[in-house]
Amino acid sequence: MKKQVSQKRSVWAVVVILLFFIQADIMAAPLVLSRPVPLQAETFAHLRQAHTNEKSQWQLVVFGFTRCKDICPTSLANLAMLIQAAGDEKIKLNGTFVSIDPDRDTVTALSSYTERFGPGITYLRFEDEALAQFKTAFGVEVAFYTRNAGNQQNYQVDHSTTAFLIDPQGRIKVMFDAVKDAASVANLFHEKRELF
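Residues numbered from 1 in each chain as written. Predicted model: local features only at pLDDT ≥ 70, side-chain atom pairs only at ≥ 80, totals over all residues. Heavy atoms only, no water.

Caption draft 1: Here's a closer look at the packing of helix 2 (residues 41-50) against helix 5 (residues 128-138). Where helix 2 contacts helix 5, the two axes come as close as 10 Å, and the packing angle between them is 105 degrees. Taken as axis vectors, helix 2 and helix 5 run roughly perpendicular relative to one another. Of the residues in helix 5, those touching helix 2 at Thr 43, His 46 and Leu 47 are Phe 134, Ala 137 and Phe 138. Across the contact of helix 2 with helix 5, the residue classes tally to four nonpolar, two polar and no charged. (Axes fitted to C-alpha atoms, helices over the stretch in contact; angles between N-to-C directions. Helix = DSSP H or I, 4+ residues; strand = E, 2+ residues; numbered from the N terminus. Parallel < 35°, antiparallel > 145°, perpendicular 65-115°, else oblique. Contact = heavy atoms within 4.5 Å. Nonpolar A, V, L, I, M, F, W, Y, C, P; charged D, E, K, R; others polar.)

Here it is in structure tokens:
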């Protein structure tokens, strides 16, 4: 009996060691919330102001910055694809890009940047405490690197790639990785019609 327990522990130890040393890119699946998370009224009002369309609209929200070279353009391209996929299923959906770098992301820069991804995507730009509150509402973390008094333009920014699918009542229904999980979310529009 002790020998069996010892062998099982050895097998588990080997598995844990292999998992520790093997770096696998395990894609997380979209998280469909069984209890949707309601946004604060003020947060939802900001999202509604970004789009001047009817109230039955679903919304996709991502955070980023215009000087991002790879992650943000991929996220927005995926949002554009999801807006099209939702439209194919007769689901009204639009997207909002929230700037986490208002010092460099001017209104002009944001407008030009989001226009490249189609008319269904717009932007929100907050500063200081308003930005902090909006990020907190979504649990978004941001880190600035190499930003100091002598470097106010060429610093690096790191941020979450989480996207949020919000229903017309202002509740977060689905959370997913905007870079990796867009195809899975597109499948939800077709396969999980009861969500919409």
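Caption draft 2: Local environment of the sheet that holds strand 1 (residues 31-38). If you trace the six strands from one edge of the open sheet to the other, you get 1-8-7-2-3-4, paired in mixed fashion. Pairing within the sheet leaves two strands with one partner each, and these edge strands are strand 1 and strand 4 (121-124). Neighbour-to-neighbour, the strand axes of the sheet open up by a mean angle of 30 degrees, direction not taken into account. One ladder, built from four bridges, connects strand 1 with strand 8 (residues 171-177); its direction is antiparallel. Note on strand 8: the bridge partner recorded for Val 32 is Val 174. Here helix 6 (residues 182-191) sits on the sheet and contacts strand 1, strand 3 (93-99), strand 7 (162-166) and strand 8; the angle it forms with strand 8, its principal contact strand, is near 140 degrees. (Pairing = 2+ DSSP bridges.)

Caption draft 3: Up close: helix 3 (residues 71-88). For helix 3, built from 18 residues, the straight-helix expectation of 26 Å at 1.5 Å per residue is met to within 8% by its first-to-last C-alpha distance of 26 Å. What helix 3 keeps buried is the set Cys 72, Ser 75, Leu 76, Asn 78, Leu 79, Leu 82, Ile 83, Ala 85 and Ala 86. Of the residues flanking the end of helix 3, it is Lys 90, one or two places downstream, whose phi is positive at about 65 degrees. (Expected span 1.5 Å × (residues − 1). Buried < 20%, exposed > 50% of the residue type's maximum accessible area, 1.4 Å probe, protein only.)

Caption draft 4: Representation of the nonpolar core within the structure. Core analysis: the largest hydrophobic core is formed by 48 residues, its most contacted members being Phe 63, Phe 138, Ile 166 and Phe 189. Examining the composition of this core, we find that seven residues originate from one element, helix 3, more than from any other. (Core = buried A, V, L, I, M, F, W, Y, C linked by side-chain atoms within 4.5 Å.)

Caption draft 5: Region of interest: the side chain of Arg 104. For Arg 104, the location among the structural elements is in the loop between strand 3 and helix 4 (107-115). A distance of 2.6 Å separates polar atoms of two side chains, one belonging to Arg 104 and the other to Asp 101. (Polar contact = N/O pair within 3.5 Å; in protein donor to acceptor, adjacent residues only side chain to side chain.)

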